[in-house]
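Analysis of the macromolecular model
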Amino acid sequence: MTKKLMSVHEVAKLTGITARTLHYYDEIGLLKPTKVTEAGYRMYDDTALSRLQNILLFRELEFPLKEIKAILNSPNFDPSEAIAQQIKLLELQYKHIGELITFTREIQKKGGTVMNFDVFDRSEIEKYEEEVKAKWGNTKAYQEYKEKDIARNKDSYSKIANKLLTLFSGLGELKHLTPNADEVQNKIAALQKFITDNYYVCTNEILSGLGEMYVCDERFRNKIDKVGGDGTADFVKQAIVVYCSKKV
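Residues numbered from 1 in each chain as written. Predicted model: local features only at pLDDT ≥ 70, side-chain atom pairs only at ≥ 80, totals over all residues. Heavy atoms only, no water.

Quick look at the overall build of the protein chain
Scanning the protein chain from N- to C-terminus turns up 12 helices and 3 strands. Looking at the 248 residues of the protein chain, the share that counts as buried comes to 41%. Nonlocal contacts in the protein chain, meaning residues at least 24 apart in sequence, comprise 63% of its contacts between residues at least 6 apart. If you sum the accessible surface of the protein chain, you get close to 14,600 Å²; carbon and sulfur atoms cover 54% of it. (Helix = DSSP H or I, 4+ residues; strand = E, 2+ residues; numbered from the N terminus. Buried < 20%, exposed > 50% of the residue type's maximum accessible area, 1.4 Å probe, protein only. Contact = heavy atoms within 4.5 Å. Areas by Shrake-Rupley, 256 points an atom, 1.4 Å probe, with all protein chains shown as cover.)

A word on the packing of helix α9 (residues 182–198) against helix α12 (residues 232–246)
Running from N to C, α9 and α12 cross one another at 85°; their axes reach a closest spacing of 9 Å. The angle between α9 and α12 places the two elements in the roughly perpendicular class. Contacts between α9 and α12 involve V184, Q185, I188, A189, L191 and Q192 from the first element and F235, V236, A239, I240, V242, Y243 and K246 from the second. Partitioned by chemical class, the residues of the contact of α9 with α12 number 10 nonpolar, 2 polar and 1 charged. (Axes fitted to C-alpha atoms, helices over the stretch in contact; angles between N-to-C directions. Parallel < 35°, antiparallel > 145°, perpendicular 65-115°, else oblique. Nonpolar A, V, L, I, M, F, W, Y, C, P; charged D, E, K, R; others polar.)

A short note on the pattern of salt bridges
The final tally for this structure, using the stated rule, is 6 salt bridges. Among the ionic pairs, E10 bridges to K4, the shortest N-O distance being 3.1 Å. Here K32 ties to D26 by a salt bridge, and the two come within 2.7 Å at their closest N and O atoms. Relative accessible area serves as the criterion here: at 49%, K32 is assigned to the partly exposed category. Of the residues examined, D26 reaches a relative accessible area of 9% and is grouped as buried. (Salt bridge = Lys/Arg side-chain N within 4 Å of Asp/Glu carboxyl O.)

Quick notes on the nonpolar core
Nonpolar side chains tend to gather and get buried jointly when the protein is soluble and globular. The biggest cluster of nonpolar side chains holds 58 residues, and the ones touching the most others in it are L22 and Y214. Ignoring sequence-local partners within four residues, the contact set of Y214 consists of F168, L191, I195, F220, R221, I224, A233, V236 and I240. (Core = buried A, V, L, I, M, F, W, Y, C linked by side-chain atoms within 4.5 Å.)

Side note on the environment of A12
Summarising the element assignment, A12 is placed in helix α1 (residues 8–15). Since its relative accessible area comes to 15%, A12 is described here as buried. Along the primary structure A12 and L22 are separated by 10 residues, whereas in three dimensions their C-alpha atoms are 7.9 Å apart.

What to know about α1
Turning to α1, its buried residues are V8, V11 and A12. Buried residues along α1 cover an arc of 100° about the axis, so they all sit on one side. In α1, those exposed residues whose orientation departs by more than 90 degrees from the buried face are H9, K13 and L14. (Arc of directions from axis to C-beta.)

Points about the packing of aromatic side chains
Aromatic ring pairs are reported here in terms of the distance separating the ring centres and the angle at which the planes meet. All told, the structure shown has 3 aromatic pairs when counted by the stated rule. Pairing F58 with F63 gives two aromatic rings, centres 5.1 Å apart and planes at 50°, and the pair type is tilted. Seen from their ring centres, F168 and Y214 are 5.2 Å apart, and the 85° between their planes marks the pair as edge-to-face. A residue pair is termed long-range when its members are at least 10 positions apart, and F168 in helix α8 (residues 154–172) and Y214 in helix α10 (residues 204–216) qualify at 46 residues. Take F168: its relative accessible area is 3%, and that puts it in the buried class. Exposure remark for Y214: the relative accessible area of 4% places this residue in the buried category. By the ring-pair criterion, three or more aromatic residues cluster together here, those being F168, Y214 and F220. (Phe/Tyr/Trp six-rings, centres within 6.5 Å; stacked < 30°, edge-to-face > 60°.)

A closer look at the sheet that holds strand β2 (residues 35–36)
Taken in spatial order, the 3 strands make up an open sheet running β1-β3-β2, and their pairing is antiparallel. Sheet topology places β1 (6–7) and β2 at the edges, where each strand pairs with a single neighbour. Bridge analysis of β1 against strand β3 (residues 42–44) gives 2 bridges, and the strand direction is antiparallel. Residue pairing across strands places S7 opposite M43, the latter belonging to β3. (Pairing = 2+ DSSP bridges.)

Focus: helix α2 (residues 19–27)
Structurally, the α-helix is built with 3.6 residues per turn, so residues lying three or four positions apart point the same way. Inspection of α2 places T21, L22, Y24, Y25 and D26 among the buried residues, and these make up the whole buried set. Lining the buried residues of α2 we find α1, β3, α3 (46–60), α4 (65–73) and α10. G29 sits one or two positions beyond α2 and adopts a positive phi of about 80°.

A few points about the layout of surface pockets
Each pocket or cavity is described by its volume, and for the second largest pocket that value is around 470 Å³. If you trace the second largest pocket, you find 19 residues lining it, with I17, T21, Y25, L56 and E218 closest to the centre. The set of elements that each furnish at least two residues to the lining of the second largest pocket consists of α2, α3, α10 and α11 (218–228). Among the residues forming the lining of the second largest pocket, the class breakdown is 8 nonpolar, 4 polar and 7 charged. (1 Å grid on protein atoms, 1.4 Å probe; cavity = no way out; pocket = protein on both sides within 12 Å on 5 of 7 lines; lining within 4 Å. Points joined across faces, edges and corners; volume = space filled by probe spheres on them.)

Structural measurements only, silent on function.
Here's what the structure looks like:
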């Protein structure tokens, strides 16, 4: 346990996350500093670090930041129960990865002739994730997501995710334009509508937060840059800033 308040630099050094990420967590209300000095420096105590540890564990389990915030802010949130749930999810992922390693080695040994798609089934993990989210998730956006999710099966979910990546790919093809170009802004409008139609009502506030997440969260940044080319996540974020400023 720490014996003193820690600065952003010290927390970043301790945890390996960036100062930019800590600032973003503060901005979205996910992790507020214990105090802010007169000079404007954010400081964190043990309670804040404990919350950060929970955030990082849920991130390792690939929970979106919005859902992590809903979980941690739930009035019924129980840290000890959450740890038990995180352990269970990590064990399920460990088991899944072990099966994938065994399967891949079999392919290597037999020359790529093994046909077994059951090994890619993540339904057990996804089912438990949904149980965790259902227990703690209490935001309006989360409930909207759940209502729309009821009608989905795994195939449609995959198709929706692929369509979302296609939108990012299309934005990547427009990086030669300025973020305020009409063609780019039309793509951002389409992105907002897609999220509303398939996940939850994507207000300008939510869209703005997503734009920040696309660049601050390395997983999102890497995935978006992979389909749209280097710099796509930053470009999308800039275009979202322009889009939302026009809608105020």
